[in-house]
Amino acid sequence: MSAASTAESADFRGPLDITRAATVVLDAESTVIGWSPAAAELLGYGPSDALGRPLTAFLSVRPAGGTLPAEASGAAGPGPGPPSLVGNEIHVARTRDGRELLVATATCPLPGAAGASGPGTPDRILVAAEVEALLHWESRIALLQGLATQSPVGLAIYDTDLRLSWSNTAYEREMGQPLAAFRGKRAEELYGAGSFVTPGYPHTLAGVMRQVLDTGEPVLDLHFRGQPPSDPGRDHLWSCAYYRLEDAHGHALGVCEDAFDITDRYRVQERLTLLVEAGRRIGTVLDVATTAEEIADVAVPDFAATVRVDVTRAAVTGETAAVGSPADMTLLRVAERSAPGSGTPDPGLPANGPTETGRPDPYRPGVRPTVTDSPDPGRPETGAIGSGAIGSGPTATARGPGGTNSPGSPGGPRQPYPPVDYPPGSPQNRSLSSGGLVLDEGTLVVPLRTGGGILGLVTFDRGEGSDASGRSPGPDRATTFDNGEVALADELAARAAVCIDNARRYTRERTASLALQRQLLPHHLPPQSAVETAYRYLPADDVTGVGGDWFDVIPLSGTRVGLVVGDVVGHGLQAAATMGRLRTSVRAFAQLDMAPDELLTRLDDLVGQPAEDRSDACGGAVETYDVTTGATCLYAVYDPVSRRCVMARAGHLPPAIVGPGGEVSFPDLPAGPPLGLGGLPFESMEIDLPVGSLLALFTDGLVEARDHDIGRGLDTLGQVLGDRSASLEELCDRAVSELVPGGTSADDTALLLVRTRALGADRVADWELTAEPVSVGRARELATGQLEAWGLEELVFATQLVVSELVTNAVRYAGGPLGLRLIRDRTLVCEVADTGHTSPHLRHSAADDEGGRGLFIVAQLVQRWGTRYTPTGKTIWTEQALPPAEAG
């Protein structure tokens, strides 16, 4: 804000104030005999132009267009009009440059003018101002009036001696008495016991105000804790702002205080903070006892003085949650915490109450050892898939003090958690019987519910000792729980119940996930003429279990090979199942010889379809959770004949390419969206790969970790792959050891290394033919000659039939030029290309049909056949098994 606008906003004189308004002195005949500088500025006429002229030369009742604007019509005619214009007349003023201004005017007769009313004698004074300026001034006055009488924010002005000189209505309500009763008092006399709790500022009101007076720097949102005179005995919290008040010459007049009571909001914020902290600290590991201790640690001392967590024996052992009566539920004391000096009697363990620290004595018989001694029971051995992979051994069994076995260790001689038995009528017993919350004065019992069963109880006790902060409870801190705190306790228990139930399911789900994933991933990759491969697959760390990363090498027509790597969001059984679905879909689409971008488009459409409810054997609905949305995939097709690789990706990292000379690059492959999001097309990129090039496909779990970003991981991977003297297996081992130390990470890791090969010219023969009937015989001759040159005379007859049928169909139904190609690989590949886009279909001909049998005969002679579309048409291909001697 400029200095001029600041001065203008600080000027509270009205627009019709004679010291600033356009002022005109009139005689009895309304002739102008006086003209102020403000009038000259408003209308553009100087005194010499205005004096002696009638007022109507400058002001008219009606504008040139006819009627007055709506906002002024009420004041010009009958009726009260807009409140800010009542008592003023509205005219249209004409300026010197021809513009029309809507102005408000007021007239004041001059004393003694009635006796001397001749021409040229001053009779009255007229002041005028623009209506817009008048309305603006009225709104500023209304604002000040609202701050003084209606604002919920307490406003007070202290003079330079820090004595209160003025306050608004809200401040008077806070004080509980009128301003006259406390005007002139110092701030510390009004709130002597209060103090600021915001760090970095003085703690007293006088200290903060004196700082503002001395420096002139305003302060905002200082939190002040104290007890207002209108509500003694209960602490309140205010958000305060202070700024110095100055006169027009910059001299300090005092300090203005703005204070807003945020007590209720602060208490809600405390509860929200506790809930956020619970979300951060509860459920960090999949262990029942640790989760129980975490909820106790979170709630003490900020929420309750004592917290006890009792869990059913079935939940501890991993069985189904109890759903029967309380008699069927054996509760075990798993965790207990108490604030210092606030231990309360325990009705469930009368003989084994808490120690002075609030924890069960770890050396007392029947009490669980410390949490650091608890192992993860039933954890199977994990490792990596792939030869030479790194794995982790089985988890060692932990032992408690004195060599006693801790929970989950095999052959434990005794129960590490003491059983609890609550007497009838106790809050805990009533909660078990009803399955709901029970509030009994300062004790709140919340069941740990999951699904239709109960996993245990959480008892929050505020007792009669110190409060949550260790102080004696005062009137500002209730010893019972209000409705908001009951809801918070229910939410804490619900989160803990979910975590405990997850821990109970952990071992079973993890074992099933590992078994499923190992069945869905390839156990070995068959040898390919196009590429040499090596791979590593490392499941996620031993806490989160397995996930949804996958890779694949798919043999395609024409000795080409499809290379796939993908990543499904999440871990566990559902992610592994989703991975299997995607891998199967990719293999199915790849067998249709789709281009990489088309394959990803089809896969994206498949993922984007809404999941439908499935029915179980009993006809009921089974919930399904589709986690395919957000999965990423990279698909590449390498052709060893042309030595070109076409690839596309859906939200996945681009591959690493190492040239024959060891140079490493990461191609700028167009990045499509992750699967299931839709909206953007996928794009392919074609790259020439010299023989011996290395192609590395991987997931982000390999190059990204908590201690480094993706860029650093990619640099390390490039350094490892740049060693051309190492074998693929050695490069896999080095990459894993460098990027995934220890063989485990927070995310699944997949690495597929591919070294390209090429088919020599002696193994590939191709010809171009015209689309004429004579080309059929020519094709047979060419194919026969090539097979004889390769020593494959046994395949001549079948190949002649195949070539004749395919070339005849191309001549009859498609167009030229035609292409014929033979490839001698692990099978004999025969391909006929044309410019048509219609695929032939195999059908069974009727007895009286004259045609339609050719393709059926071809299908009986070859191992498999299919159609591959190209930008210029299509290619029909077949594969025949080589004779045993040649195949060997």
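Fair warning: this is a prediction, and the values are worked out from it, not measured in the lab. Positions within a chain are numbered from 1, following the residues in the order the chain's sequence is written. Predicted model: local features are reported for residues with pLDDT of at least 70 only, side-chain atom pairs are reported and counted for 80 or more only, and whole-chain, interface and lining totals are derived from all residues. Hydrogen atoms and water are omitted, and side-chain values are computed over all heavy atoms in the structure.

Remarks on the overall build of the protein chain
Applicable threshold: Under the scheme used here, helices are H or I runs from DSSP no shorter than 4 residues and strands are E runs no shorter than 2 residues, and both carry numbers assigned from the N terminus. When a residue's accessible area, from a 1.4 Å probe over protein chains only, is under 20% of the maximum for its type it is buried; when over 50% it is exposed; and in between it is partly exposed. We call two residues in contact whenever any of their non-hydrogen atoms come within 4.5 Å of each other. Working definition of accessibility: Shrake-Rupley area with a 1.4 Å probe, residue cover restricted to the visible protein chains.
When helices and strands are tallied, the protein chain shows 23 helices and 36 strands. When each of the 888 residues of the protein chain is scored for burial, the buried share is 46%. Sequence-distant contacts in the protein chain: of pairs separated by 6 or more residues, those separated by 24 or more amount to 62%. For the protein chain, the accessible surface area stands at approximately 42,000 Å², while carbon and sulfur atoms represent 54% of it.

Observations regarding the packing of aromatic side chains
Rules: Put simply, two rings from Phe, Tyr or Trp (the six-membered ring, in Trp's case) pair if the centres are within 6.5 Å, and we call them stacked under 30 degrees between planes, edge-to-face over 60, tilted for the rest. Two thresholds decide whether a charge sits over a ring: the Lys NZ or Arg CZ must be within 6 Å of the ring centre and within 35 degrees of the ring normal.
One pass over the full model with this rule turns up 11 aromatic pairs. Seen in terms of ring centroids, Tyr171 and Phe182 are 6.1 Å apart; in terms of plane orientation they differ by 45°. Their pairing is tilted. Highlighted residues: Tyr171 in helix α6 (residues 169–175) and Phe182 in helix α7 (residues 179–182), separated in sequence by 11 residues. Its relative accessible area of 2% is what places Tyr171 among the buried residues. Ring geometry for Tyr535 versus Phe551: centroids 4.9 Å apart, planes at 35°, classification tilted. Taken together, the positions of Tyr535 in strand β19 (residues 531–538) and Phe551 in strand β20 (residues 550–555) put the pair 16 residues apart, joining distant regions of the chain. Linked through ring pairs, Tyr191, Phe196, Phe224, Trp238 and Tyr242 together constitute an aromatic cluster. It is Arg462 that lies over the ring of Phe303; its NZ or CZ is 5.5 Å from the centre. Of note, Arg462 hangs over the ring of Phe481, and the distance from its end group to the ring centre comes to 4.2 Å.

Things to note about the nonpolar core
As a rule of thumb, soluble globular proteins bury nonpolar side chains together. The condition is simple: Only buried Ala, Val, Leu, Ile, Met, Phe, Trp, Tyr and Cys residues count toward a nonpolar core, and they belong to the same one when joined by side-chain atoms within 4.5 Å.
Counting residues in each nonpolar core, the largest one holds 49 residues, and the members touching the most others are Trp550, Leu563, Leu599, Leu695 and Leu752. Counting 40 residues, the second-largest nonpolar core is a separate cluster that includes Phe303, Val311, Val446 and Ala503.

Things to note about helix α18 (residues 710–721)
Turn by turn, an α-helix covers 3.6 residues, leaving residues three or four places apart pointing in a common direction. Stated formally: Here, expected helix span is obtained from the residue count minus one, scaled by 1.5 Å.
Under the 1.5 Å per step criterion, the end-to-end length of α18 is 16 Å for 12 residues, consistent within 8% with the ideal 16 Å. Residues of α18 that are buried: Gly713, Thr716, Leu717, Gly718, Val720 and Leu721. Packed against the buried residues of α18 are β26 (656–658), β27 (664–665), β30 (694–698), α17 (700–703), α19 (728–739) and β31 (749–756).

Some words on the sheet that holds strand β18 (residues 453–461)
Just so we agree on the cut-off: Two strands pair if DSSP finds at least two bridges between them. Interaxial angles span 0 to 180 degrees and are taken between N-to-C directions of axes, which are lines fitted to C-alpha atoms, for helices over the stretch in contact.
In spatial order, the strands read β15-β14-β13-β18-β17-β16; together these six strands make up an open sheet with antiparallel pairing. The strands lining the two open edges of the sheet, one partner per strand, are β15 (419–420) and β16 (438–440). Sheet topology note: the β16/strand β17 (residues 443–450) ladder contains three bridges and is antiparallel. Looking across to β17, one finds that Asp440 is bridged to Thr443. Sitting on the sheet, helix α11 (residues 288–299) touches β13 (306–312), β14 (331–338) and β18, and the angle it makes with β14 is about 35°.

Overview of the pairing of strand β11 (residues 236–246)
Examined bridge by bridge, strand β10 (residues 219–226) and β11 share six bridges and lie antiparallel to one another. Directly across from Phe224, in β11, lies its bridge partner Trp238. Direction of pairing for β11 relative to strand β12 (residues 252–261): antiparallel, over a ladder of nine bridges. Counted as the bridge partner of Leu245 is Gly254 from β12. Connecting β11 to the antiparallel partner β12 that follows it, the hairpin turn spans five residues, and Gly250 within it adopts a positive phi of roughly 85°.

Focus on a nonpolar patch on the surface
As a reminder, the rule being used: Any residue with relative accessible area above 30% and no salt bridge may belong to a patch, with like charges joined within 9 Å and the nonpolar Val, Leu, Ile, Met, Phe, Trp and Tyr side chains within 5 Å. What counts as a salt bridge is simple: a side-chain nitrogen of Lys or Arg found within 4 Å of a carboxyl oxygen of Asp or Glu.
On the surface, Phe797, Leu801, Leu842, Phe856, Ile857 and Leu861 cluster together into a nonpolar patch covering about 520 Å² of accessible area. Going through the elements one at a time, α21 (796–813) and α22 (854–861) are the ones with two or more residues in the nonpolar patch. At three residues, α22 tops the list of elements feeding residues into the nonpolar patch. As for its position among the elements, Leu842 is in the loop between β34 (827–834) and α22.

Some points on the sheet that holds strand β35 (residues 864–870)
Here we have five strands laid out as an open sheet, ordered β32-β33-β34-β36-β35, and antiparallel in their pairing. Pairing within the sheet leaves two strands with one partner each, and these edge strands are β32 (764–769) and β35. When the angles between neighbouring strand axes are averaged without regard to direction, this sheet yields 15°. Pairing of strand β33 (residues 818–824) with β34, which is carried by six bridges, proceeds in the antiparallel orientation. Considered in β34, the bridge of Leu820 is made with Val832. Across the face of the sheet, α21 comes into contact with β33, β34 and β36 (873–881) while running at roughly 15° to β34.

Comments concerning the packing of α18 against α19
Heads up, the rule is: Note on angle classes: values under 35 degrees are labelled roughly parallel, values over 145 roughly antiparallel, values of 65 to 115 roughly perpendicular, and the remainder oblique. Crossing handedness follows the turn of the near helix against the far one: under a right angle anticlockwise gives a left-handed crossing, and clockwise gives a right-handed one. Three categories are distinguished: nonpolar for Ala, Val, Leu, Ile, Met, Phe, Trp, Tyr, Cys and Pro, charged for Asp, Glu, Lys and Arg, and polar for the others, with Gly belonging to the last.
Where α18 meets α19, the closest approach of the two axes is 9 Å, and the angle between their N-to-C directions is 150°. With respect to α19, the element α18 is oriented roughly antiparallel. In this structure, α18 meets α19 at a crossing whose hand is right-handed. Packed against α18, whose contacting residues are Gly713, Thr716, Leu717, Val720 and Leu721, the element α19 presents Leu731, Arg734, Ala735, Glu738 and Leu739 at the interface. Residues of the contact of α18 with α19, tallied by class, amount to six nonpolar, two polar and two charged.

Looking at the side chain of His652
Residue position: His652 is located in the loop between β25 (644–650) and β26. Owing to a relative accessible area of 4%, His652 belongs among the buried residues under this scheme. Residue contacts for His652: discarding those within four places in its chain leaves Val565, Gly566, Asp567, Thr632, Cys633, Leu634, Phe698 and Thr699.

What about unusual backbone geometry?
Peptide bonds are trans in most cases, and residues, glycine excluded, mostly fall at negative phi. Going from Val300 to Pro301, the amide bond is cis rather than trans, its omega being 5°. With respect to the helices, strands and loops of the structure, Pro301 is situated in the loop between α11 and β13. Residue Asp221 is not a glycine yet carries a positive backbone phi of 60°. Tracing the backbone shows Asp221 in strand β10. Judged by its relative accessible area of 40%, Asp221 is partly exposed.

A few points about the confidence of the model for the protein chain
Rule in force here: How sure the predictor is of each residue is captured by pLDDT, a score from 0 to 100.
On average, residues of the protein chain score 79 in pLDDT, and 78% of them are at 70 or above. The model gives residues 352–383 a pLDDT under 50, and that stretch makes 81 contacts with residues more than four places away or in other chains. Low pLDDT (under 50) marks residues 613–625, which in the prediction has 10 contacts with non-local residues, meaning those over four places away or in another chain.

Points about the pattern of salt bridges
The full count for this structure, using the stated rule, is 30 salt bridges. Between Arg124 and Asp123 there is a salt bridge, and its shortest N-O distance comes to 3.1 Å. Summarising the burial analysis for this pair, Arg124 and Asp123 share the class buried. When the shortest N-O distance is used, the salt bridge between Arg281 and Glu277 registers 3.4 Å.

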